[in-house]
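A structural walkthrough
Given next are the chains, with one letter for each unit.
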Number of protein chains: 2
Amino acid sequence: MKKPWSDKLRQAVPYAPGEQTSDRDVIKLNANENPYPPSPKVVEAIRQFPAEKLCLYPRITASPLVETLAEYHGLKKEQVFVANSSDEVLAFCFQAFFHSQKPVFFPDLSYTFYPVWCDLFGVPYEQKPVGEDFRIRLSDYAPENGGVILPNPNAPTSLAEGPDFLRALLQENQDVIVIIDEAYVDFSPYSALELLDEFENLVVIRTFSKSRSLAGLRVGAAYGSEELIALLNAVKGSYNPFTLDSIALAAATASIQDEDYFRQCIEKVKATRTRSQAALEEMGFVVLPSQTNFLFVTHPDFSAEAIYHACNDHDIFIRYFKQPRLENYLRITIGTDAQMDHLFAFLHEYLQR
Amino acid sequence: MKKPWSDKLRQAVPYAPGEQTSDRDVIKLNANENPYPPSPKVVEAIRQFPAEKLCLYPRITASPLVETLAEYHGLKKEQVFVANSSDEVLAFCFQAFFHSQKPVFFPDLSYTFYPVWCDLFGVPYEQKPVGEDFRIRLSDYAPENGGVILPNPNAPTSLAEGPDFLRALLQENQDVIVIIDEAYVDFSPYSALELLDEFENLVVIRTFSKSRSLAGLRVGAAYGSEELIALLNAVKGSYNPFTLDSIALAAATASIQDEDYFRQCIEKVKATRTRSQAALEEMGFVVLPSQTNFLFVTHPDFSAEAIYHACNDHDIFIRYFKQPRLENYLRITIGTDAQMDHLFAFLHEYLQR
């Protein structure tokens, strides 16, 4: 029955959460989480956190995280923005920077949240099909637009573009804001951060959820010119001024301060990625050359959807997207070597049936 | 110099943060923070938190906090929504429920963030002047509107309305969503939660920042009918699905589980409020009958702005609003007895100069 107030409500499609379970002991390779715990310095920062201070609001400046990130990346603190996960950082960016009647451009295969934010904030957009090889085509981004956003490396394709591509993209789009979403960049060889000096209209997004093993802490960052970062802070200040709690600020800061541990985890993931690619290719899978902490794979002789369901039934969670162009691909997060071996043993048996 | 991309940017006025300092040891009575630390059970939950699990995303259901709050308030879990502070809960509510061409009504003197969210989300609004006695006038909310939001108790006035007022307001506004923002309700005798059974268009907002001494943790909640809470979850899922980090979920849950400590803190604040009102009246201040953790006061013979600056110079932070109707009032958060005695000693000396 229609309620009398129904015409005042926004129409919103409920979000379909990814699979989670606390009941069963599963091998979780479906959310691109890091299989290794955060730095022991993070653990210590949480244990030592002066909880009695929680009666006070966090620092409005998100201190000391902002200063620590600025120093780490060799930027001014006025070029650093932090918020509650890179999802929230991106939501602020869409509101701040995509305020045009012209469509924002992004790839058809990329982060599935981009069109959701466009719909929520009324931002017009056009999705540009990636090529048959799943690569982003530079020429698609030349026409006039209201802004550009690209994940680099891209997900779910796992492919990365290098400095020539990014510089050309920025040169072609000097009258709009260009956002490079670097959620997976720590597993790849190249970051757009070095282009910040050259392009004042560039914004680079990072997350603590993947390479820093802190998906449960919800911390993301944006880097850009002082003008653009000031606008992000103004939008955040108009929405929810204190989105990072005091514990998250302390723990994220501790993560940045443990470079050795960070590098070790990344090297472990990359080594497992190399091993995993070989093992899957051995079984006949086609594996795209990943620059991320996941593999994007297909098998010429077996249905991806069937493999996905079989894995699920055996408590191995991987990701399957039932949508055009992706329907015979699987996205497999790089777990520990032991987790991957378990997956490979299962797949080996499955493919031989 | 105007940049080529300037026309794609949103115009946003940077937020002016409240005074904070980490350099000086000040008496901080300007942000309605609780002077007492959070429950020892909260402290323990943080120390015992399994930090190695932070590599995983939080529970999409915000479990176990949602279930714990539902049980605590005698509601279904489908009637409970949680997010990163009541500011974020309110931001989601404005997007979800105020989706009309008709203006939303709220008092001219109330939470100064309401018009900011209206501007950010393009919600038309009308501010209804409170009376000479600073009370909200029921008849102002009778005309056709796009929704109603009221803080109860109200800030900065500290005044609360009772069940008759709220029931009449809801009866008059059955074709829109009515939001009662109960940030300070734990210091007052009456909550609109008991009206949820009666009015499906009612949404009640709560925060952990005041009565639960957790301003630094950023946790807020909304309660309403299953239909409205589902819509809030859909909007949250379209914005940032995981806004509460895993530590905040655990710590907030522990707070709810320590009812004795919670009650003790509230009684201490209320006792200090009674003492403080008497002490200020003794010095000639007019003190409104507060149902909150702050006092709203004026002095017939002294300038509020001058008192505010004098306090500030002596490292006592209180709140002054330089705006029409409030320019000779001060908002003073209830601190510990010792903090209040320090303030009174200073005021006593100041008034005698």
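Let me sum up the structure you'll find in this document.

Reading the values: the criteria
Residues numbered from 1 in each chain as written. Chains lettered and ligands numbered in written order. Predicted model: local features only at pLDDT ≥ 70, side-chain atom pairs only at ≥ 80, totals over all residues. Heavy atoms only, no water. Helix = DSSP H or I, 4+ residues; strand = E, 2+ residues; numbered from the N terminus. Rg over C-alpha atoms; globule rule 2.2 N^0.38 Å. Buried < 20%, exposed > 50% of the residue type's maximum accessible area, 1.4 Å probe, protein only. Contact = heavy atoms within 4.5 Å. Areas by Shrake-Rupley, 256 points an atom, 1.4 Å probe, with all protein chains shown as cover. Lys, Arg positive; Asp, Glu negative; His and termini not counted. Charge placed at Lys NZ, Arg CZ, Asp CG, Glu CD. Buried area = accessible area lost by both parts, 1.4 Å probe. Salt bridge = Lys/Arg side-chain N within 4 Å of Asp/Glu carboxyl O. Least-squares fit on C-alpha atoms with pLDDT ≥ 70 in both. Pairing = 2+ DSSP bridges. Axes fitted to C-alpha atoms, helices over the stretch in contact; angles between N-to-C directions. Parallel < 35°, antiparallel > 145°, perpendicular 65-115°, else oblique. Nonpolar A, V, L, I, M, F, W, Y, C, P; charged D, E, K, R; others polar. Phe/Tyr/Trp six-rings, centres within 6.5 Å; stacked < 30°, edge-to-face > 60°. Lys NZ or Arg CZ within 6 Å of the ring centre and 35° of its normal. Left-handed = near helix turned anticlockwise from the far one by under 90°. Polar contact = N/O pair within 3.5 Å; in protein donor to acceptor, adjacent residues only side chain to side chain.

1. Brief notes about the overall build of chain A
In terms of regular secondary structure, chain A is built from ten helices and 13 strands. Compactness check: chain A gives a C-alpha radius of gyration of 21 Å against a globular reference of 20 Å for 353 residues, within 12% of the reference. For chain A, buried positions account for 62% of its 353 residues. For chain A, contacts bridging at least 24 residues in sequence account for 73% of all contacts bridging at least 6. Per element, the accessible surface of chain A, about 13,500 Å² overall, is 50% carbon and sulfur. Averaging the locations of the 32 positively and 47 negatively charged side chains of chain A gives two centres separated by 5 Å.

2. Observations regarding the interface of chain A and chain B
The interface is formed by 85 residues belonging to chain A together with 85 residues belonging to chain B. Both sides of the chain A and chain B interface together cover about 7,400 Å² of buried area, and 57% of this is carbon and sulfur. In terms of surface lost to chain B, no three residues of chain A exceed A:Lys8, A:Tyr57 and A:Tyr239, which account for 11% of the buried area on that side. Where chain A packs against chain B, one counts four salt bridges.

3. Here we look at the relation of the copies chain A and chain B
For the pair chain A and chain B, the best superposition has an RMSD of 0.0 Å and corresponds to a rotation of 180° with a translation of 0.0 Å parallel to the axis. Accordingly, the operation relating the two chain copies is best matched by a two-fold axis. Distance from the rotation axis, computed per C-alpha, reaches its smallest value in chain A at A:Arg47: 2.4 Å.

4. Digging into the pattern of salt bridges
The final tally for this structure, using the stated rule, is 40 salt bridges over all chains. With a closest N to O distance of 3.4 Å, B:Asp7 and B:Lys8 form a salt bridge. Overall, the relative accessible area of 3% leaves B:Lys8 in the buried class. B:Arg206 is the partner of B:Asp186 in a salt bridge, and the nearest nitrogen-oxygen pair spans 3.9 Å. Here B:Arg206 lies in strand β7 (residues 202–207) and B:Asp186 lies in the loop between β6 (178–181) and β7, a separation of 20 residues in the sequence. Here the salt bridges do not stand alone but share partners, grouping A:Lys3, B:Glu200 and B:Glu227 into one network.

5. With respect to the environment of B:Leu214
Looking at the element boundaries, B:Leu214 is found in the loop between β7 and β8 (220–223). As a C-alpha pair, B:Leu214 and B:Ser255 span 41 residues in sequence and 9.0 Å in three-dimensional space. Setting aside chain neighbours within four positions, we find B:Leu214 in contact with A:Leu54, A:Cys55, B:Pro38, B:Val42, B:Phe208, B:Ser209 and B:Ser255.

6. Looking at the sheet that holds strand β12 (residues 330–333) of chain B
All names here are of chain B. Ordered in space as β9-β10-β12, the three strands form an open sheet in which the pairing is antiparallel. Looking at strand neighbours, the two that pair on one side only are β9 (286–287) and β12, the edges of this open sheet. Packing of helix α8 (residues 259–282) onto the sheet brings it into contact with β9, β10 (294–298) and β12, and relative to β10 it is tilted by some 10°.

7. Describing helix α4 (residues 113–121) of chain A
Residue and element names in this part refer to chain A. The buried count for α4 comes to seven of nine residues, which makes it a mostly enclosed element. Residues Phe113, Tyr114, Pro115, Trp117, Cys118, Leu120 and Phe121 constitute the buried set of α4. One or two residues past the end of α4 sits Gly122, with phi positive at roughly 70°.

8. Some thoughts on the environment of A:Leu347
Residues and elements named next belong to chain A. Structurally, Leu347 is set in helix α10 (residues 337–352). A sequence separation of 179 residues divides Leu347 from Ala168, and the C-alpha atoms of the two residues are 42 Å apart. With sequence-adjacent residues up to four places away left out, Leu347 is seen in contact with Leu280, Met283, Phe285, Ile307 and Cys311.

9. So, the packing of helix α3 (residues 85–97) of chain B against helix α6 (residues 226–237) of chain B
Residues and elements named next belong to chain B. Relative orientation of the contacting elements α3 and α6 amounts to 105°, with a least axis distance of 9 Å. Relative to α6, the element α3 lies roughly perpendicular. Contacts from Phe92, Cys93, Gln95, Ala96 and Phe97 of α3 reach α6 at Leu228, Leu231, Leu232, Val235 and Lys236. Partitioning the contact of α3 with α6 into residue classes produces eight nonpolar, one polar and one charged.

10. Things to note about the packing of aromatic side chains
Taken as a whole, this structure holds 43 aromatic pairs over all chains when the rule is applied. With centroids separated by 5.5 Å and ring planes inclined at 50°, the aromatic side chains of B:Phe94 and B:Trp117 adopt a geometry described as tilted. Residue B:Phe94 is found in helix α3, and its partner B:Trp117 is found in helix α4 (residues 113–121); the two are separated by 23 residues along the sequence. There is no split in this pair, since B:Phe94 and B:Trp117 are both buried. A relative accessible area of 0% means that B:Trp117 is categorised as buried. We note A:Lys268 situated over the ring of A:Tyr36; from NZ or CZ to the ring centre the distance is 4.0 Å.

11. A short note on the packing of helix α9 (residues 304–313) of chain B against helix α10 (residues 337–352) of chain B
If you want to describe how two helices pack, look at the angle between their axes and the distance between the axes. All names here are of chain B. Interhelical geometry of α9 versus α10 gives an angle of 125° and a closest axis separation of 11 Å. Judged by the angle between their axes, α9 and α10 are oblique. Taken as a pair, α9 and α10 cross one another with a handedness that is right-handed. Every residue of α10 that contacts α9 at Ala306, Ile307, Ala310 and Cys311 is listed here: Leu343, Phe346, Leu347 and Tyr350. Residue composition of the contact of α9 with α10, grouped by class: eight nonpolar, no polar and no charged.

12. Describing the environment of B:Pro4
Tracing the backbone through its elements, the reader meets B:Pro4 in the segment before β1 (27–28). Take B:Pro4: its relative accessible area is 47%, and that puts it in the partly exposed class. Those residues in contact with B:Pro4, other than ones at most four positions away along the chain, are A:Gln174 and A:Asp175.

13. What to know about the side chain of A:Asn32
All names here are of chain A. Mapping Asn32 onto the fold places it in the loop between β1 (27–28) and α1 (40–47). Under the relative-accessibility criterion, Asn32 is labelled buried at 0%. A distance of 2.8 Å separates the side chain of Asn32 from the side chain of Tyr184, its partner in a polar contact. Asn32 has contacts with Tyr184, Lys210, Asn293, Phe294, Arg331 and Thr333, leaving out every residue within four places of it along the chain.

14. Details of the sheet that holds strand β8 (residues 220–223) of chain A
Residue and element names in this part refer to chain A. Within the open sheet, the seven strands sit side by side as β2-β8-β7-β6-β5-β3-β4. Their pairing is mixed. Of all the strands in the sheet, just β2 (80–83) and β4 (125–128) have a single pairing partner and so form its edges. With strand direction ignored, the average angle separating the axes of adjacent strands in the sheet is 20°. Sheet topology places β2 next to β8; four bridges connect them, and they run antiparallel. Along β8, the bridge assignment pairs Val82 with Ala221.

The quantities given are spatial measurements derived from coordinates; they are silent on function.
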